[in-house]
Amino acid sequence: MGDNVQIVDRLSDATPSIVVDPNQLEQVLVNLVVNARDAMPRGGIVTIRTSEARVGDRHMAVLEVRDSGIGMDEATRARIFEPFFTTKEMGQGTGLGLATVAGIVEQSGGEVAVESAPGRGSIFRLRFPAAPSAGEPTLVPGTSAAPTPPMGTAAILPHRRAAAASSSSRTRTRCVR
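The rules behind these values
- Residues numbered from 1 in each chain as written.
- Predicted model: local features only at pLDDT ≥ 70, side-chain atom pairs only at ≥ 80, totals over all residues.
- Heavy atoms only, no water.
- Pairing = 2+ DSSP bridges.
- Helix = DSSP H or I, 4+ residues; strand = E, 2+ residues; numbered from the N terminus.
- Expected span 1.5 Å × (residues − 1).
- Buried < 20%, exposed > 50% of the residue type's maximum accessible area, 1.4 Å probe, protein only.
- Axes fitted to C-alpha atoms, helices over the stretch in contact; angles between N-to-C directions.
- Left-handed = near helix turned anticlockwise from the far one by under 90°.
- Contact = heavy atoms within 4.5 Å.
- pLDDT = per-residue confidence, 0-100.
- Core = buried A, V, L, I, M, F, W, Y, C linked by side-chain atoms within 4.5 Å.
- Polar contact = N/O pair within 3.5 Å; in protein donor to acceptor, adjacent residues only side chain to side chain.

## Observations regarding the pairing of strand S5 (residues 111-116)
Alright, step 1. As defined by bridge partners, S5 adjoins strand S6 (residues 122-129) across six bridges and the pair is classed as antiparallel. Each bridged residue has a counterpart across the sheet, and for Ser116 the counterpart in S6 is Ser122.
Alright, step 2. Between the antiparallel neighbours S5 and S6 lie five residues, among them Gly119 with a positive phi of about 80°.

## Structural notes on the pairing of strand S3 (residues 44-55)
Alright, step 1. Taken together, the six bridges between strand S1 (residues 5-10) and S3 define a ladder with parallel strand orientation. The partner of Ile7 across the bridge, within S3, is Val46.
Alright, step 2. Linking S3 to strand S4 (residues 58-67), which pair antiparallel, is a turn of two residues; within it Gly56 sits at a positive phi near 65°.

## Overview of helix H1 (residues 22-38)
Alright, step 1. A rise of 1.5 Å per residue sets the reference length of H1, with its 17 residues, at 24 Å; its end C-alpha atoms lie 24 Å apart and thus fit the reference within 8%.
Alright, step 2. When we look at burial in H1, the residues that qualify are Pro22, Leu25, Val28, Leu29, Asn31, Leu32, Val33 and Ala36.

## Some points on the packing of H1 against helix H3 (residues 97-107)
Alright, step 1. For the pair H1 and H3, interaxial distance at closest approach is 9 Å and the crossing angle is 145°. In the crossing of H1 with H3, the sense of the turn from one axis to the other is left-handed. Where H1 abuts H3, its residues Gln24, Gln27, Val28, Asn31, Leu32 and Asn35 lie against Gly97, Leu98, Thr100, Val101, Ile104 and Gln107.

## Considering H3
Alright, step 1. Residues Leu98, Ala99, Val101, Ala102, Ile104 and Val105 constitute the buried set of H3.
Alright, step 2. Against H1, S5 and S6 lie the buried residues of H3.
Alright, step 3. Phi turns positive one or two residues past the end of H3, at Gly109, with a value near 85°.

## Observations regarding the confidence of the model for the chain
Alright, step 1. Residues of the chain with pLDDT of at least 70 account for 75%, and the chain-wide mean is 80.
Alright, step 2. Confidence, read as mean pLDDT per element, is least for helix H4 (residues 160-165) in the chain (36) and greatest for S6 (97).
Alright, step 3. Note that pLDDT drops below 50 for residues 146-150; the model gives that stretch six contacts with residues more than four away or on any other chain.
Alright, step 4. Segment residues 157-177 is flagged for pLDDT under 50; beyond a separation of four residues in sequence, or across chains, it makes 36 contacts in the model.

## Some thoughts on the nonpolar core
Most often, soluble globular proteins have nonpolar side chains that are buried together.
Alright, step 1. Counting 26 residues, the largest nonpolar core has Leu32, Val46, Ile48, Val101 and Leu126 as its most contacted members.
Alright, step 2. Residue assignment for this core shows that the elements contributing at least two residues are H1, S3, S4, H3 and S6.
Alright, step 3. If one sorts the elements of this core by residue count, H1 sits on top with six residues.
Alright, step 4. Leaving out residues up to four positions away in the same chain, Val101 has contacts with Val28, Asn31, Leu32 and Leu126.

## Considerations on the side chain of Thr50
Alright, step 1. Inspection of the secondary structure assignment puts Thr50 in strand S3.
Alright, step 2. Of note is the side chain of Thr50, whose polar atom sits 2.9 Å from the backbone nitrogen of Ser12.

## Re the sheet that holds S6
The strands that make up a sheet pair up through hydrogen bonds in the backbone, lying either parallel or antiparallel.
Alright, step 1. Read from one edge to the other, the open sheet built from five strands follows the order S1-S3-S4-S6-S5, with strand pairing classed as mixed. One side of each edge strand has no neighbouring strand; the edge strands of this open sheet are S1 and S5. The sheet shows a mean angle of 20° between the axes of neighbouring strands, direction not considered.
Alright, step 2. Relative to the sheet, H1 contacts S1, S3, S4 and S6, its axis offset from that of S4 by approximately 30°.
Alright, step 3. Sheet contacts for H3: S5 and S6; angle to S6, the most-contacted strand, approximately 25°.

So this is what it looks like as C-alpha cells:
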C-alpha cells in the first residue's frame, strides 16, 4: 500500500454472512482499496468497515471503503462504473476496476452507493443481502431457482491475530458450504 497510507478496519462481528463467491468478494475489496490508495497521492487513511442494515424488509450486510483522498466531482462520479472510464494517466489503469465491482455486487443481489466531493475523499458503500438462515431456500439473485452447485457463503471477519502481530490490519473471509 505504501508507507504513507494507513489501513484501518472497523469490522463488526454482527455483520451477517452473504451469498457470494469469496474470490469475487476479495476482488471487490482489492479494487476499492487500490483505487482509494491511488486517490491519496500524498497518503492518507483507508477505512474498511462492515455492519448490518435493514433496507425496507431486507436484512443486509454492509461493506464500506472510505478514503481521505482527493474526492470526485459530480461529473466524474456519474461515470465511474462505466467500463474503460478512468481518471488515471495513460498506462496507469484500465478503467475496469469499478465496473468489475459494480458487476460483482449486482450479480450477488447487492447495490453500490458512492459519496464523494472534491477535497473530501470518497465512501463506497456496498450492501449485500444477508444469507438465508439455516433451512431457508437460497435463491440465485434475479431468478426463482436455487443455484447449482450452491454458491459459497462468505463472512467478512477481522483477522485478530494478524492485526495484533502486524502494524497493518488484515481481513479474511470464512467460506461455508
